[in-house]
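Breakdown of the fold
In case you want the letters, here they are:
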Amino acid sequence: MQGPDSLSIVVFAGGFDRVHYALVMASAAAATNRKVTLFFTGRALRALVHEQEPGVLGWHDLDAADDGSRPTERDHYFAKNGLATFEELLDACVALGVTVMACEMGLKALGLPPGAGLRPDVPVRKGGVVTFLNESPAGGAMLFV
């Protein structure tokens, strides 16, 4: 194996393309036997919100894609053109054992409705920046998206 044996990704930006590509990187790294952690914070946390909550749209409420399209439009474009969709990539990350963390401070700052929960199909650990940094392997790669 070339390069670092682990990848820690801070997913901060809420734009659909950025969150989607963080999932691409995470799933590819995990598929090549690297230890991977996704640390969601900022507007990117919308990707982990359970959409069954009243008034909550989850990843469909991420910011526009880089081309200005809505997340659902961009995801449909990917599916139509044989590219991995948001759900396919997130499912792959879960299946490949990627650690998914949600920033506790970021969740408070997001201002979700009282009682809004995170996706039940994704094992999400809540934690802070210190936990994320302490658990990131020494010598591993770290990206900020």
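See the structure printed just above.
Rules of the game
Residues numbered from 1 in each chain as written. Predicted model: local features only at pLDDT ≥ 70, side-chain atom pairs only at ≥ 80, totals over all residues. Heavy atoms only, no water. Core = buried A, V, L, I, M, F, W, Y, C linked by side-chain atoms within 4.5 Å. Buried < 20%, exposed > 50% of the residue type's maximum accessible area, 1.4 Å probe, protein only. Helix = DSSP H or I, 4+ residues; strand = E, 2+ residues; numbered from the N terminus. Contact = heavy atoms within 4.5 Å. Expected span 1.5 Å × (residues − 1). Salt bridge = Lys/Arg side-chain N within 4 Å of Asp/Glu carboxyl O. Axes fitted to C-alpha atoms, helices over the stretch in contact; angles between N-to-C directions. Parallel < 35°, antiparallel > 145°, perpendicular 65-115°, else oblique. Nonpolar A, V, L, I, M, F, W, Y, C, P; charged D, E, K, R; others polar. Pairing = 2+ DSSP bridges. Phe/Tyr/Trp six-rings, centres within 6.5 Å; stacked < 30°, edge-to-face > 60°.

1. Some words on the nonpolar core
Counting 35 residues, the largest nonpolar core has Val-11, Val-19, Leu-23, Leu-38, Phe-40, Phe-86 and Val-98 as its most contacted members. Elements that contribute at least two residues to this core include exactly strand 1 (6–11), helix 1 (16–31), strand 2 (35–40), helix 3 (86–95), strand 3 (99–103) and helix 4 (104–110). Broken down by element, the residue count for this core peaks at seven residues, all from helix 1. In contact with Phe-40, not counting residues within four places along its chain, are Val-11, Val-19, Leu-23, Leu-45, Ala-47, Leu-48, Val-100, Met-101, Ala-102 and Cys-103.

2. As for helix 1
Over its 16 residues, helix 1 extends 22 Å from the first C-alpha to the last, a length consistent with the 22 Å expected when each residue adds 1.5 Å. Among the residues of helix 1, those classed as buried are Phe-16, Asp-17, Val-19, His-20, Ala-22, Leu-23, Ala-26, Ser-27, Ala-29 and Ala-30. Along its buried surface, helix 1 packs onto strand 1, strand 2, helix 2 (71–80) and helix 3. Looking at the residues trailing helix 1, positive phi occurs at Asn-33, about 65°.

3. Examining the pattern of salt bridges
The tally for this structure, following the rule as stated, stands at eight salt bridges. For the salt bridge of Glu-87 with Arg-119, the shortest nitrogen-to-oxygen distance reads 2.7 Å. Of this pair, Glu-87 sits in helix 3 while Arg-119 is found in the loop between helix 4 and strand 4 (124–127), placing the two residues 32 residues apart along the sequence. With a shortest N-O distance of 2.9 Å, Glu-135 and Arg-125 are connected by a salt bridge. Taken as a pair, Glu-135 in helix 5 (residues 129–135) and Arg-125 in strand 4 lie far apart in primary sequence, ten residues in all. With relative accessibility at 38%, the residue Glu-135 sits in the partly exposed group. Using a relative accessible area of 35% as the deciding quantity, one classes Arg-125 as partly exposed.

4. Looking at the packing of helix 1 against helix 2
The contact between helix 1 and helix 2 brings their axes to 10 Å, and the two run at 45°. Viewed along their axes, helix 1 and helix 2 adopt a mutual orientation that is oblique. Of the residues in helix 2, those touching helix 1 at Phe-16, Asp-17 and His-20 are Pro-71, Arg-74, Asp-75 and Phe-78. Its residues placed into classes, the contact of helix 1 with helix 2 shows three nonpolar, one polar and three charged.

5. Comments concerning the sheet that holds strand 2
What holds strands together in a sheet is hydrogen bonding between their backbones, with the strands either parallel or antiparallel. The sheet built from five strands is open, its strands ordered 4-3-2-1-5 with parallel pairing. Single-partner strands in this sheet number two, and they are strand 4 and strand 5 (141–144). When strand polarity is set aside, the average angle formed by the axes of neighbouring strands in this sheet is 20°. Pairing analysis gives four bridges linking strand 1 to strand 5, with the strands arranged parallel. Across the sheet, Ser-8 pairs through a bridge with Met-142, a residue of strand 5. Docked against the sheet, helix 1 engages strand 1, strand 2 and strand 5, running at close to 160° with respect to strand 2.

6. Description of the packing of aromatic side chains
Across all of its chains, the model carries seven aromatic pairs by this definition. Their ring planes at 25° and their centres at 4.7 Å tell us that Phe-39 and Phe-132 sit as a pair that is stacked. Here Phe-39, found in strand 2, pairs with Phe-132, found in helix 5; they are 93 residues apart in sequence, far enough to count as distant. Classification of Phe-39 by relative accessible area gives buried; the value is 3%. Take Phe-132: its relative accessible area is 3%, and that puts it in the buried class. Judged by centre distance (6.2 Å) and plane angle (55°), the ring pair of Tyr-77 and Phe-78 falls under tilted.

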